[in-house]
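Remarks on the overall topology
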Amino acid sequence: MPNGDRQLSTNQLVRALISFLLMSIVGGGLLAATALPVVATSGTVTNAVTRIFDEAPTELDFTRPSEKSVILAADGSTLAHFYAENRIIVPADQISQFLKDAAVAIEDQRFYQHNGIDPKGIAGAAFSNLTTTGGLAGGSTITQQYVKNAMIEEGRILNDDRMVARATERTITRKLNEARYAIAVENKMSKEDILTGYLNLAQFGPSQWGVESASRYFFGVPASKVTLEQAAMLAGITQAPGRWDPVNNPEEAKKRRDTVLAKMHSLGMITEEQMTAAIAVPIADMLNVHPAQNGCEEAGISAYFCEYVVKEVLNSPLLGDTREKRIQALYRGGLTIKTTLEPKHQQAAYEAVTRSVPVGDASNTKMALSAVEPGTGKILAMTQNTNYGAVSKENPAATQVNLNVGTDMGGGQGFQSGSTFKVFTLVEWLKQGKSEYDTVNGSQASFPARMWNISCAPGFADTFRPTDLAGKPGGRMSVITATAQSMNRAFSHMATQLDLCDIVQTATDMGVRRGSYPTADEIAEFKTAGMDISEGKLTHLKPNPSMVLGTNEITPLSMAVSMATLAAEGEYCAPISFTEVIDANGKVIAAQEPKCKRVLDKNIALRTTKVLTQVIRPGATGANARLAGGRPVAGKTGTTNNAWHAWFTGYTPELATAIWMGHQEGNIPMLNLTVNGRYYRTVYGVTLAAPTFKQFMDTVLAGQPFTQFARPTGVSLREDEDLDDDEAEDTITSDENSTSPAENEASSVRVPSVRGMTLNEATAHLVRAGFNYQVHTEKSYMPKGQVISQNPQRGQMLPPGTTIHIVISDGR
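On a predicted model such as this, the values are computed, not experimentally measured, just so you know. (Residues numbered from 1 in each chain as written. Predicted model: local features only at pLDDT ≥ 70, side-chain atom pairs only at ≥ 80, totals over all residues. Heavy atoms only, no water.)

What follows deals with the packing of helix H5 (residues 142–157) against helix H8 (residues 191–201). Where H5 contacts H8, the two axes come as close as 9 Å, and the packing angle between them is 50°. Taken together, the axes of H5 and H8 lie oblique to each other. Where H5 crosses over H8, the handedness of that crossing is left-handed. Along the contact surface, H5 presents Ile 142, Thr 143, Gln 145, Tyr 146, Asn 149, Ala 150 and Glu 153, while H8 presents Ile 194, Leu 195, Gly 197, Tyr 198 and Leu 201. Of the residues belonging to the contact of H5 with H8, the class tally is 7 nonpolar, 4 polar and 1 charged. (Axes fitted to C-alpha atoms, helices over the stretch in contact; angles between N-to-C directions. Helix = DSSP H or I, 4+ residues; strand = E, 2+ residues; numbered from the N terminus. Parallel < 35°, antiparallel > 145°, perpendicular 65-115°, else oblique. Left-handed = near helix turned anticlockwise from the far one by under 90°. Contact = heavy atoms within 4.5 Å. Nonpolar A, V, L, I, M, F, W, Y, C, P; charged D, E, K, R; others polar.)

Now for unusual backbone geometry. Here the residue pair Asn 791 and Pro 792 is connected by a cis peptide bond, since its omega of 5° sits within 30 degrees of zero. Among the secondary structure elements, Pro 792 is positioned in the loop between strand S26 (787–791) and strand S27 (797–798). Notably, Asn 364 is not glycine yet its phi reads approximately 65°, a positive angle. Topologically, Asn 364 is positioned in the loop between helix H16 (343–356) and strand S7 (366–372).

With 5 of 6 residues buried, strand S19 (residues 634–639) is to be regarded as a mostly interior element. When S19 meets strand S20 (residues 645–651), the two strands line up antiparallel, connected through 6 bridges. Counted as the bridge partner of Thr 637 is Phe 648 from S20. Between S19 and the antiparallel strand that follows it, S20, lie 5 residues; Asn 642 among them carries a positive phi value of about 60°. (Buried < 20%, exposed > 50% of the residue type's maximum accessible area, 1.4 Å probe, protein only. Pairing = 2+ DSSP bridges.)

Inspection of the secondary structure assignment puts Ser 66 in the loop between helix H2 (36–41) and strand S1 (69–72). Residues within four places of Ser 66 in sequence aside, it is in contact with Glu 85, Arg 87, Glu 153, Ile 157 and Arg 332.

Overall, the coordinates contain 19 salt bridges when judged by the stated rule. The partner of Glu 192 in a salt bridge is Lys 100, and the shortest N-O contact between them spans 3.1 Å. Of this pair, Glu 192 sits in helix H8 while Lys 100 sits in helix H3 (residues 97–107), and the two are 92 residues apart along the sequence. Assessed through its relative accessible area of 6%, Lys 100 is described here as buried. (Salt bridge = Lys/Arg side-chain N within 4 Å of Asp/Glu carboxyl O.)

Taken together, the side chains of Val 767, Tyr 773 and Val 775 present a nonpolar region at the surface, about 250 Å² in accessible area. On the accessibility criterion, Val 775 (33% relative accessible area) is partly exposed. (Patch = residues over 30% accessible without salt bridge, like charges linked within 9 Å, V, L, I, M, F, W, Y side chains within 5 Å. Areas by Shrake-Rupley, 256 points an atom, 1.4 Å probe, with all protein chains shown as cover.)

Now for the sheet that holds strand S5 (residues 208–209). With respect to topology, 3 strands assemble into an open sheet ordered S3-S5-S4, the strand pairing being mixed. Pairing within the sheet leaves two strands with one partner each, and these edge strands are strand S3 (86–87) and strand S4 (203–205). As judged from the 2 bridges shared by S3 and S5, these two strands associate in the parallel manner. By the bridge assignment, Arg 87 is partnered in S5 with Trp 209. Each of S3, S4 and S5 touches H8; the most contacted strand, S4, lies at about 45° to it.

Turning next to the state of the cysteines. Overall, the coordinates contain 3 disulfides when judged by the stated rule. Here Cys 456 connects covalently by a disulfide to Cys 501, the sulfurs 2.0 Å from one another. Because the sign of the S-S torsion sets the handedness, a value of about -90° for the bond joining Cys 456 and Cys 501 places this disulfide among the left-handed ones. With Cys 456 in the loop between strand S12 (439–441) and strand S13 (476–478) and Cys 501 in helix H20 (residues 500–510), this pair connects stretches of sequence that are 45 residues apart. The exposure class of Cys 501 is buried, given its relative accessible area of 10%. Between the sulfur atoms of Cys 573 and its disulfide partner Cys 596 the distance amounts to 2.0 Å. (Disulfide = S-S within 2.5 Å.)

Core analysis: the biggest nonpolar cluster contains 131 residues, and Ile 337, Phe 424, Leu 566, Tyr 651 and Phe 696 have the highest contact counts within it. If one sorts the elements of this core by residue count, helix H14 (residues 303–315) sits on top with 9 residues. Setting aside anything within four residues of it in sequence, one finds Phe 696 in contact with His 345, Ala 348, Ala 349, Ala 352, Leu 369, Ala 371, Ala 381, Leu 655 and Thr 657. Counting 42 residues, the second largest nonpolar core, distinct from the first, contains Val 147, Ile 194, Ala 202 and Ile 283. (Core = buried A, V, L, I, M, F, W, Y, C linked by side-chain atoms within 4.5 Å.)

Right, here's the structure in full:
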């Protein structure tokens with residue numbers, strides 16, 4: 001072989017043959033094919049090769065490229081993004097001309113002259129294949145690359161691996177098919193649209209698709225604002241995103257960028273001065289990397305709510321008839337999901353919770369809060385005192401478990417609800433035609449199995465021996481007093497006069513849910529107890545005697561929902577976390593309206609609320625939850641055996657909130673515990689959960705007008721008399737003592753009425769009767785210093801030395 005000639009290896013020979021075929025079929029034949037639009041109109045297409053293109057598609061249906069979805073708070077602020085490919089699609093006028101020119105210069109310099117196929121480019125690639133030992137040069141135009149990327153993208157969106165393989169196989173068939181589509185694209189789309197499509201579709205970084213995402217990632221600016229040197233760097237990346245990555249390979253990236261700049265100069269797109277100035281800019285000076293987060297971690301203190309939204313979306317048939325379709329829509333559909341979360345409420349909730357129990361507190365106790373809007377079921381806040389994420393050395397206390405919800409929504413098993421569950425016994429008591437003024441026995445220590453009515457599972461009946469805290473008065477008392485003082489024995493006595501299965505059904509109707517579906521062992525236990533476990537019959541809550549005092553494991557969210565049912569005067573609304581899902585074209589594809597139904601008679605709900613307002617008064621168990629300015633509020637405390645869990649659930653007409661505190665790991669006593677630097681012998685619901693409720697509610701309701709609870713009607717003559725709150729309380733107490741044998745006990749003293757007295761008169765009166773006192777002040781139209789209410793009320797028989805809480809007016 002003469003000097004200067006190169007001897008071809010077998011591989012090079014194969015490359016030469018492929019290149020020859022490309023030149024003869026795609027290079028030569030397509031030279032005529034580029035004129036097809038004209039030739040075809042005269043019907044003179046005769047060349048055998050170009051007949052391949054006679055069937056070039058006229059209807060193009062490229063699937064819109066994958067685009068990242070965004071989850072928004074109720075005010076439109078961003079919570080999180082989700083994507084399979086980090087892409088943001090933008091129109092042509094939002095892409096810098098520098099970017100357009102740089103892409104054309106380095107990828108397809110004759111882009112504006114050819115009709116989709118560039119014979120000169122193919123010839124150049126063929127020559128390169130003949131004379132180099134590297135991989136095959138492609139010679140593809142921007143139009144061909146757009147077609148190829150679109151086909152790959154369609155395969156990914158459809159989850160069709162074979163489609164992706166066909167779009168990437170290194171065969172003449174694929175190249176010819178790609179060419180057919182390129183010609184069709186050129187016949188249908190303008191050059192501007194093709195270039196814009198390419199710049200939105202191609203990969204411009206290791207994990208960045210499209211120039212908008214790449215610009216934001218590398219430089220922190222949109223694609224419309226990139227400079228010349230930035231545009232050249234991005235355009236150069238797409239050939240080999242890993243190799244030309246400026247973050248990990250800055251030296252290689254600079255060489256590639258400068259090549260693009262030189263090409264732009266040689267084509268007259270920029271001046272020599274512009275090129276020289278751009279080349280002088282170091283890669284490091286160009287970069288301002290903004291990593292794009294993918295998933296709920298981006299949502300920060302709202303991450304657990306975000307996960308709840310994702311699960312609700314993926315469970316909703318509104319986004320597709322299969323879960324796989326919904327996942328594809330979330331990660332590739334460019335959806336905008338509008339949620340119910342109010343950032344003001346969320347921030348206030350997080351601050352209230354972490355002020356009580358800081359993240360990572362040495363006590364290892366956790367606290368969770370859910371807030372729901374009555375009448376809609378919208379979740380306005382959901383937070384907890386943990387960092388979201390996987391456990392790591394830097395963040396050993398992190399968790400992805402949402403303590404507010406059950407296992408089906410990314411949460412846990414739920415927590416024993418303690419005395420907060422007494423609310424449902426109270427509701428059922430009223431539903432059965434009984435009265436809040438009825439007197440019940442607060443002294444009975446044992447309730448044998450024969451006293452219990454459990455129609456749906458009679459085998460659960462057993463002897464139950466509840467206890468009350470030392471110092472709490474026993475004897476007979478009104479249901480109102482039993483509720484305000486959270487008397488376990490009194491409520492057990494009430495429950496024996498009801499069907500526990502009805503209490504379970506009432507709680508369920510109002511929204512209460514266990515953290516998890518009953519286990520196989522529990523279902524077997526239910527069956528043994530006589531329960532019908534067929535579909536639709538099995539209850540999630542276990543209807544045994546201890547249930548009355550809150551032994552079922554309940555989720556905080558469902559407790560908030562049940563309180564919202566009372567706040568909405570008996571209307572249950574299913575909790576919802578999103579209101580709308582909008583597709584990438586701006587069309588609403590899913591709208592979620594409140595799903596509400598009446599589950600309680602309105603007056604039953606109002607009577608229940610009236611009783612629960614007494615829980616918040618001075619001297620009652622929920623006194624620490626009293627809201628600023630005397631804003632109307634109702635609620636219930638809860639503490640389980642051994643202080644395993646502590647709760648406060650409450651509501652105003654505008655907002656219902658549930659707060660749980662305990663150990664995520666299970667039933668661990670909160671005894672002799674130091675929380676946030678303060679020692680507590682026992683942590684009750686009133687200790688930290690109630691003050692947390694107060695801080696949260698005071699913050700989010702500040703500035704809003706006070707809304708009164710509606711008054712119940714038609715209950716009794718006393719209520720028909722339209723007494724104010726304090727008069728009604730006095731009447732209630734007087735009535736209960738008129739039938740109470742406790743008043744005859746020599747060891748007790750009748751509480752005097754001091755309402756309307758001055759402070760000095762009242763305290764002297766109480767001391768003479770043998771009682772201690774504690775003074776509270778609140779806004780009132782009554783004269784300054786006048787007693788406007790007291791608790792316990794007049795007429796009760798209590799041991800000497802009991803503290804009587806009196807509230808005086810501040811005269812404002």
